[in-house]
Amino acid sequence: MNALTLTPTQIMAAVGALLVLVLVWRTASRRAKAAASAARTGARFASLAGRVLFNAALIVVAQWIVITQQGSGWLLVAVLAVPALFASYTLTKALTVTTYEPRRRGGERR
């Protein structure tokens, strides 16, 4: 039998080809992950918008029934105030500016 003999140039070419294949595979994998993340984000937003609209419709219907049926004073206050409290909390939280400070590794101090 003949032994397989490769020149140093052939070995370097094979290693280079393998390196290129690994880099192409990693790039494709990262792009696929980014595309999947973008698709999930879009679906999350559509789902959130649907839930917001549905809950807003429920609140409006409850308020409409109490107002048109001449509900008692306390019931009217409760029906109008509770959704207003939730809305103000959500708006305040959304409009509050916060900063992001990344964690330092290994307990480094500045």
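Worth saying up front: this structure is predicted, and the values here are computed from it rather than measured.

Cut-offs and rules
Residues numbered from 1 in each chain as written. Predicted model: local features only at pLDDT ≥ 70, side-chain atom pairs only at ≥ 80, totals over all residues. Heavy atoms only, no water. Helix = DSSP H or I, 4+ residues; strand = E, 2+ residues; numbered from the N terminus. Buried < 20%, exposed > 50% of the residue type's maximum accessible area, 1.4 Å probe, protein only. Areas by Shrake-Rupley, 256 points an atom, 1.4 Å probe, with all protein chains shown as cover. UniProt positions renumbered as here; feature names shortened; annotations may be inferred. Polar contact = N/O pair within 3.5 Å; in protein donor to acceptor, adjacent residues only side chain to side chain. Contact = heavy atoms within 4.5 Å. 1 Å grid on protein atoms, 1.4 Å probe; cavity = no way out; pocket = protein on both sides within 12 Å on 5 of 7 lines; lining within 4 Å. Points joined across faces, edges and corners; volume = space filled by probe spheres on them. Nonpolar A, V, L, I, M, F, W, Y, C, P; charged D, E, K, R; others polar. Patch = residues over 30% accessible without salt bridge, like charges linked within 9 Å, V, L, I, M, F, W, Y side chains within 5 Å. Salt bridge = Lys/Arg side-chain N within 4 Å of Asp/Glu carboxyl O.

### Section: the overall build of the chain
Tallying secondary structure elements over the chain gives two helices and zero strands in all. Here the chain, with 110 residues, has 3% of them falling under the buried criterion. By element, 69% of the accessible surface of the chain is carried by carbon and sulfur atoms, the whole surface being about 10600 Å².

### Points about the UniProt feature "transmembrane region" (unreviewed entry) in the chain
As annotated in UniProt, the feature "transmembrane region" (unreviewed entry) corresponds to residues 6-25, 45-67 and 73-95 in the numbering used here. Between the first and last C-alpha atoms of residues 6-25 the distance is 27 Å; the span itself is 90% helix and 0% strand. Secondary structure across residues 73-95 divides into 100% helix and 0% strand, with the first and last C-alpha atoms of the span separated by 32 Å.

### Looking at the side chain of Gln-63
Residue placement: Gln-63 occurs in helix α1 (residues 8-68). For Gln-63, a relative accessible area of 18% translates into the label buried. A polar atom in the side chain of Gln-63 sits 3.2 Å from the backbone oxygen of Val-79. Apart from the residues within four sequence positions on either side, Gln-63 is in contact with Val-79, Leu-80 and Pro-83.

### So, the layout of surface pockets
By volume, the largest pocket amounts to about 240 Å³. What lines the largest pocket is Leu-48, Arg-51, Val-52, Asn-55, Ile-59, Pro-83, Phe-86, Ala-87 and Thr-90. For the lining of the largest pocket, the secondary structure elements donating two or more residues are α1 and α2 (73-95). Sort the elements by how many residues they give to the lining of the largest pocket and α1 lands first, with five residues. In terms of residue class, the lining of the largest pocket is built from six nonpolar, two polar and one charged.

### Here we look at a nonpolar patch on the surface
A grouping of Leu-4, Leu-6, Ile-11 and Val-15 is seen on the molecular surface, where their side chains present a nonpolar patch of about 430 Å² in accessible area. Checked against the element boundaries, Leu-6 lands in the segment before α1.

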